[in-house]
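# Summary of structural features
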Amino acid sequence: MDCGEPAHREFLSRVETIPLHGLGLSVDVHSPDLPSLRRSLLARQVPPAYFEIFRNTTRTLAVTRSEVGDARLTYHGEGLWMTQPGVTDSELFQQAVREAGEHLHALQSAWLNHECAAKVFAGYCYGTYLPPLYTRGSAEVVAENATAVQYQLDQQGRLLNGSRPLLLLEMPPLTYFVAGTLSIPTFFQVICDQSPCGLVLDVGHLWTVYRYTGAYRTISLPRFVETFLDAFPLNRVVEIHVAGLDIHESIRAHLSQRVPRADETALPAWTDAHAAPIPPVLFEMLDQILCHPRLANLRGLALEVDTKPAEMIVDEFAAFSRRYAAVFQKGDHNEKTVPMCESKAVLGSAASASSRGTMEEAYQRYVHVLLGKVEPRGPEWNEDPGYTHELDLYHSLYLPYEILHWSGEIADMFVESCRRLRERGVALEGFVAFWFRDPQPIAELYDFFLLKVDRFVAFVYEVAPDVGDLAAVEAEGLRQAYRLANEPIPTAQ
Ligand SMILES: [Fe+2]
């Protein structure tokens, strides 16, 4: 038997066990409150066929499982930074995979969706996802890590129905720039050639690729989508997401002050924004994607709506259900099943130790570029200035906003400490410089809020030692409130 495509054969043998999930919603349990959202959806007679649940505590996920009865649940993980070289060697990563396994069991999820992106790079932490370096070496690192995660999850046992959850990598959004020399479709093709993972295609993320690779300057959106899909491993796409896009609040004031140049007025500087309305253009793109003949293994199509007002979710999902009701009734979404080869030994072994070292250095340079310390030049950066000409928006506005305001407003979290710092003339902007001054070893599973709490106390001890104890007391209150907020209270049906 010809085993020329062992990774794809293994993917097919895994995906054929996953039933069609249909039209769903990708949500956070608390934001908005899931039980009341479900009641609103039922009242409008548009119950989703499945919910994809963002990472939370195992207990919260188990309570959610018990509350939703027979409805299918899937899992949107976080904290497995598979884009990073050498990451599987760390005990913390192993712990994160074990946690993901527990969460998959708690939900009885057929898949683990994870962004092909990271929030921790070379010892520096970020609040929102950063895409990988789009290079061949980087794709090989991802493939190796993804395969390791899949096999580790396999060892943690099967779901109650006997199947093994499948790892899906989601193509991440671009936020003002793109880093790398390899086209994004080819990057994912390299991963799929070497790993049995599935993929999630997020339509809004695809729009940001059109916007921030500068493709919009030379080709129409339908032509871009056509070209992208023809090169993308679409037969690996198991789920499609559609979510909102918006101008980020950190750059809104800046854009309104800036005199527009001709090439910047063609498309808005939208970025991924789950709370924002979904722009109609994304459904035009979705229609085009759904017609593609290589979309052969789709199992779910979901609006991603965490942090969005419940009324807007219900309205959007009702319209979405009407428009796409027939997608999973057209029949076969299966590629031909093929026997599985004995392939594990050859999968995910492409990234050698030396290429890992090269990638580690490349990611250190990546971090320095993101901080505006060095120019985006070198072997892993594209010479086309269109790829990075809005990078300044990221490091001068978006990134400081993330540290000071995102996932907890520092001035509201540490009210008394900030008042004392103001009296001393200490500006909070110094916290941003403090945050990125040195790489920091990570000791706990990733949680940006708790990280922010810890780092702000360290900052205060440095800039105003006599205020440090006050900051430490405020920090303890924040941690307790956070723990309480994340503990589930079962709700009556
Ligand atoms: Fe998504």
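Being a predicted model, the structure only gives us computed values, none of them experimental.

### Thoughts on the overall build of the protein chain
For the protein chain, the helix and strand inventory stands at 18 helices and twelve strands. Over its C-alpha trace the protein chain gives a radius of gyration of 22 Å, about what one expects of a compact globule, namely 23 Å for 493 residues. Taking all 493 residues of the protein chain together, 44% fall into the buried category. Here the analysis covers contacts within the protein chain between residues at least 6 apart in sequence; of these, 84% occur between residues at least 24 apart.

### With respect to the environment of tyrosine 482
Checked against the element boundaries, tyrosine 482 lands in helix H18 (residues 468–486). Given 14 C-beta atoms within a 10 Å radius, tyrosine 482 is considered partly exposed. On a C-alpha basis, the gap between tyrosine 482 and leucine 450 in space is 8.5 Å, while along the polypeptide they are 32 residues apart. Aside from chain neighbours lying at most four places away, what touches tyrosine 482 is Phe449 and Leu450.

### Concerning the nonpolar core
Counting residues in each nonpolar core, the largest one holds 131 residues, and the members touching the most others are Leu168, Ile191 and Val238. A domain-level breakdown of this core finds at least three residues from each of domain 1 (6–345) and domain 2 (407–486).

### Digging into the pairing of strand E1 (residues 22–27)
Among the six residues in E1, five count as buried, and that is most of the element. Two strands pair when backbone bridges link them, and E1 and strand E12 (residues 300–304) are joined in this way by five bridges, in the parallel orientation. Bridging across to E12, serine 26 finds its partner in glutamate 304. Pairing geometry for E1 and strand E2 (residues 50–54), over four bridges, is parallel. Directly across from valine 27, in E2, lies its bridge partner isoleucine 53.

### A few points about the pairing of strand E4 (residues 111–115)
The element E4 is largely enclosed, with a buried count of five among its five residues. Alternating positions in E4 separate into two faces, Trp111, Asn113 and Glu115 on one and Leu112 and His114 on the other, with burial throughout. Alignment of strand E3 (residues 72–76) against E4, held across two bridges, turns out to be parallel. By the bridge assignment, tyrosine 75 is partnered in E4 with leucine 112. Taken together, E3, helix H4 (residues 91–107) and E4 form a β-α-β motif whose crossover is right-handed. One ladder, built from five bridges, connects E4 with strand E7 (residues 166–170); its direction is parallel.

### Some details on the packing of helix H17 (residues 448–463) against H18
The geometry of H17 relative to H18 is characterised by a closest axis approach of 8 Å and an angle of 170° between their N-to-C directions. In terms of their interaxial angle, H17 and H18 are classed as roughly antiparallel. Contacts between H17 and H18 involve Phe449, Leu450, Val453, Phe456, Val457, Val460 and Tyr461 on the former and, on the latter, Gly468, Ala471, Ala472, Ala475, Leu478, Arg479 and Tyr482. Looking at the contact of H17 with H18 residue by residue, the class counts come to twelve nonpolar, one polar and one charged.

### Side note on the confidence of the model for the protein chain
Residues shown with low pLDDT carry predicted positions that ought not to be read at fine detail. Counting all residues, the mean pLDDT for the protein chain is 90, and 91% of those residues have values of 70 or more. Ignoring residues within four places in sequence, the model shows residues 337–346, a span with pLDDT below 50, making 18 contacts including any to other chains.

### Describing the sheet that holds strand E8 (residues 198–202)
Pairing in this closed barrel of eight strands is parallel, and the strands run E1-E2-E3-E4-E7-E8-E9-E12 around the ring. Ignoring which end each strand starts from, the neighbouring axes of this sheet average 30° apart. Note that strand E9 (residues 237–242) and E12 share four bridges and pair parallel. The residue bridging isoleucine 240 from the neighbouring strand is leucine 301, located in E12.

### Considerations on helix H6 (residues 184–194)
Every buried residue of H6 is accounted for by Ile184, Phe187, Phe188, Val190, Ile191, Cys192 and Gln194. Packing partners of the buried residues in H6 comprise helix H1 (6–15), helix H5 (136–155), E7, E8 and helix H7 (203–212).

### Brief notes about unusual backbone geometry
With an omega of 0°, the peptide bond between serine 31 and proline 32 qualifies as cis. When you line up the elements, proline 32 lands in the loop between E1 and helix H2 (34–43). Although it is not a glycine, threonine 307 sits at a positive phi angle of roughly 75°. Relative to the assigned elements, threonine 307 resides in the loop between E12 and helix H11 (310–324). Judged by the 16 C-beta atoms lying within 10 Å of it, threonine 307 falls in the partly exposed class. A positive phi is found at serine 407, a non-glycine position, where the angle reads about 55°.

### Digging into H17
Because an α-helix completes one turn every 3.6 residues, residues spaced three or four positions apart along the sequence face the same direction. With 16 residues, H17 should cover 22 Å at 1.5 Å per step; its first-to-last C-alpha distance of 22 Å lies within 8% of that length. Those residues of H17 that sit buried are Leu451, Lys452, Val453, Phe456, Val457, Phe459 and Val460.

### Quick look at the packing of helix H15 (residues 415–423) against H18
One way to put it is that H15 packs onto H18 with a least axis distance of 8 Å and a crossing angle of 155°. On the basis of their axis angle, the class for H15 and H18 is roughly antiparallel. Where H15 crosses over H18, the handedness of that crossing is left-handed. The residues of H18 that touch H15, namely those facing Glu416, Ser417 and Arg420, are Leu470, Ala471 and Glu474.

### Remarks on the environment of tyrosine 394
Its location among the elements puts tyrosine 394 in helix H13 (residues 391–404). Since 24 C-beta atoms lie within 10 Å of it, tyrosine 394 is described here as buried. Along the backbone, tyrosine 394 and arginine 365 are 29 residues apart, and their C-alpha atoms lie at a distance of 16 Å.

What counts as what
- Residues numbered from 1 in each chain as written.
- Predicted model: local features only at pLDDT ≥ 70, side-chain atom pairs only at ≥ 80, totals over all residues.
- Helix = DSSP H or I, 4+ residues; strand = E, 2+ residues; numbered from the N terminus.
- Rg over C-alpha atoms; globule rule 2.2 N^0.38 Å.
- Buried ≥ 20, exposed ≤ 12 C-beta atoms within 10 Å, placed from the backbone.
- Contact = placed C-beta atoms within 7 Å.
- Core = buried A, V, L, I, M, F, W, Y, C linked by C-beta atoms within 7 Å.
- Domains from an automatic or database assignment.
- Pairing = 2+ DSSP bridges.
- Right-handed = clockwise from strand over helix to strand, strands pointing away.
- Axes fitted to C-alpha atoms, helices over the stretch in contact; angles between N-to-C directions.
- Parallel < 35°, antiparallel > 145°, perpendicular 65-115°, else oblique.
- Nonpolar A, V, L, I, M, F, W, Y, C, P; charged D, E, K, R; others polar.
- pLDDT = per-residue confidence, 0-100.
- Expected span 1.5 Å × (residues − 1).
- Left-handed = near helix turned anticlockwise from the far one by under 90°.

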